[in-house]
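What the coordinates show
Below, each chain spelled out in residue letters.
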Amino acid sequence: MPGKPGSAYPIPVKVSAEYPYGRATDEGRAMLQIVHDVAPGAALYFRSGFISAGNMADGIRVLRDSGCNVIVDDISYITEPFFTDGVIAKAVDEVTTSGVNYFTSAGNFGVKSYEAVFNPIAPPAKYAGSGSAHDFGGGNFYQSITLTKGTYTIAMQWEDDFYSVSGIDGVATGAKNDFDIYLVTASGDSLFGFNRNNIGGDPFEIMPFVVEATVGAQVIITRKRGTDNVRFKYIIFRGDGTINQNSLGTGTVVGQANAAGAITVGAVLYTNTPPFGKAPTVASFSSRGGIIVDGNNRNKPDITAPNGVNTTVDFRGVDIDNDLIPNFFGTSAAAPHAAAVGALLMEAKKRYFNGESFTGPQMKTVLQSSAIDMGAPGYDDSTGYGFIQADSALLTFSQPFPLIDSFHLLNFSGTPGLNQPVTVVIDGQYFGNNTAVIFQYDTIPAVITSPTQLTVTVPGFLGNPPLAIYNPPITNSGLDGGVGDSIYLLSSPISNVKVTVNNAVKRFGEAIPAYSADVTINGMPLAQTGITLSDLGLTDITYSSLATSLSNIGLYSRKASSAVTDLSNPNSLALSALYNYQFVDGLLTINRMPVTITPRDTSYVYG
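Attention here is on the structure that accompanies the text.

**Comments concerning the packing of helix H2 (residues 53–65) against helix H3 (residues 87–97)**
Relative orientation of the contacting elements H2 and H3 amounts to 10°, with a least axis distance of 8 Å. The angle between the axes of H2 and H3 places the two elements in the roughly parallel class. Seen from H2, the contacting residues are Ala53, Gly54, Met56, Ala57, Ile60, Arg61 and Arg64; seen from H3, they are Val87, Ile88, Ala91, Val92, Glu94 and Val95. Residues of the contact of H2 with H3, tallied by class, amount to nine nonpolar, one polar and three charged.

Have a look at this one:
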């Protein structure tokens, strides 16, 4: 990724999360682990969002006010409106307008939905007191479904006024129609119907039940009160049920996942992606879009992202990679991947553009335009605009430094070197028309055959000089682009040569002790390497010190130098490609000169 966001630089982005139900702690940990894995420098915040829809809406604003630049959630409130924006969706749009990038999971409901405009017919005799029944087609008031063993929640809504929304907006009216949904046997006998009077309230009905063995059943929908033939939809939110006939309106992206400002994320199993040799395919459980909200198709989901990755949280899922580490599935795992990529993009934009950041609409456009298209060209209701690509998104506004994967010499045998030009084929990534090759500190022309391959003719050379590839910056800051890692055409690695001057001790007034030096190569004494001082270009070592024979007592450096460090000399330049030179000073200690004063014996004769 250009500039390696998230590794070399801390991310000035705060990523927060909302999580549902009793699994809040575990699911929150798993989602935050994914964010940290993708964007390790991001500050992480957590807030639970399962108390109520209003509480979650308040929490979204609290996170925004706490400085969170990115918010991600995986909550579906089945009582939030399907066909208009509820309190959570409105909170999402509010914070995105103020600069927050809001990511949300599309949901895990697949195509387990039915939607139609209510088409009234007379109900069967068993439901004569239920008003009108819906005609599923051909005068059939029953719809066949298959229910496997498990726990179920089916929620139905219709396009009517929500008191819980209009009341907040100060125009409270509530539902004008009262619809009911029943689960019945193949013969039409009622199995379950948990229906209430919705007039003046919210237009939804919920059926929770348990199935103990796979069974065929039917659904009947009635309008007990009211006269409006409005749109209605039911979704199997929990349970592995199949709608067998009249499969209309299979969209299941609802609630804040349908908010205009949200970036809604579908799921792709991580092993079904290009790094594993496969084109990305959407998970069967990933919710589909296409629901008309307030008269508009919001074109959800926006993108898809990976799921099925490892975390430390065990949800009792299948260990698909057999590594004994729990795997985390669902759009709940896909959404934090996308949110973390959003954090990386925000960091890069701020770094390269003097603190400028992405707005929510800009982020959505960048992610969608750089995604791998998975279905028909453009948007489709199962994959949005395709599978998220972090590096491609970064390429839309910044230049990466090139990466070298491998290289080989073209039609050449032997050892390249002096007077032996050679053509080098380099395979890697992020090669462009303005990519340059730097060899022996000079720029030489290259032929870019593709974004992953280039060829360059290297002139004859001494030693083993480095070859590197450079991409110039394209942003005004000049902070993007750069030079990739160097390669060497000869196999021998650069060696470290250390020249250490000997220590010495003398007394004040004495001559400077003789100089000498120990030379090692990669820590090995020179005599044990088979290499000579001449091979190293060290036959001209000179020594110096500030001390003289009459310098005061104290400590003085003893230095060594050589012309081998002068890279203006071609021979020295060639040797610099083979050796790193380090000259280590010795130490001269000057002590006091001992002085002994002895009086002479003298004899005198008295007088």
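Now that the structure has been shown, we can carry on.
**A look at the packing of aromatic side chains**
This model, assessed by the stated rule, comprises 22 aromatic pairs. When the centroid spacing of 4.8 Å and the interplanar angle of 80° are considered together, the rings of Phe109 and Phe237 count as edge-to-face. One end of the pair, Phe109, is in the loop between strand E4 (101–105) and strand E5 (113–117); the other, Phe237, is in strand E14 (residues 231–238), with 128 residues separating them in the sequence. Taking the relative accessible area as the measure of exposure, Phe237 reaches 12% and is therefore buried. Geometrically, the ring pair formed by Phe192 and Phe209 is tilted, given 6.1 Å between the ring centres and 50° between the ring planes. In this pair, Phe192 sits in strand E11 (residues 190–192) while Phe209 sits in strand E12 (residues 204–211), placing the two residues 17 residues apart along the sequence. For Phe209, a relative accessible area of 10% gives the class buried. Grouped by ring-pair contacts, the aromatic residues Tyr114, Phe118, Phe136, Trp158, Phe179, Phe232 and Tyr234 constitute a single cluster.

**Brief notes about a nonpolar patch on the surface**
Nonpolar side chains collect at one region of the surface, where Phe508, Leu550, Ile553, Met593, Val595 and Ile597 lie side by side and expose about 610 Å² of accessible area between them. Looking at the secondary structure, you find Val595 in the segment after strand E38 (586–591). For Val595, a relative accessible area of 67% corresponds to the exposed category.

**With respect to the pattern of salt bridges**
Inspection of every chain in the model, using the stated rule, returns 17 salt bridges. Between Arg196 and Glu205 there is a salt bridge; the shortest N-O distance is 3.9 Å. Taking relative accessible area as the criterion, Arg196 reaches 38% and is therefore assigned partly exposed. Of the residues examined, Glu205 reaches a relative accessible area of 1% and is grouped as buried. Connected via shared salt-bridge partners are Asp58, Arg61, Arg64, Asp65 and Glu94.

Rules used in this analysis
- Residues numbered from 1 in each chain as written.
- Predicted model: local features only at pLDDT ≥ 70, side-chain atom pairs only at ≥ 80, totals over all residues.
- Heavy atoms only, no water.
- Axes fitted to C-alpha atoms, helices over the stretch in contact; angles between N-to-C directions.
- Helix = DSSP H or I, 4+ residues; strand = E, 2+ residues; numbered from the N terminus.
- Parallel < 35°, antiparallel > 145°, perpendicular 65-115°, else oblique.
- Contact = heavy atoms within 4.5 Å.
- Nonpolar A, V, L, I, M, F, W, Y, C, P; charged D, E, K, R; others polar.
- Phe/Tyr/Trp six-rings, centres within 6.5 Å; stacked < 30°, edge-to-face > 60°.
- Buried < 20%, exposed > 50% of the residue type's maximum accessible area, 1.4 Å probe, protein only.
- Patch = residues over 30% accessible without salt bridge, like charges linked within 9 Å, V, L, I, M, F, W, Y side chains within 5 Å.
- Areas by Shrake-Rupley, 256 points an atom, 1.4 Å probe, with all protein chains shown as cover.
- Salt bridge = Lys/Arg side-chain N within 4 Å of Asp/Glu carboxyl O.

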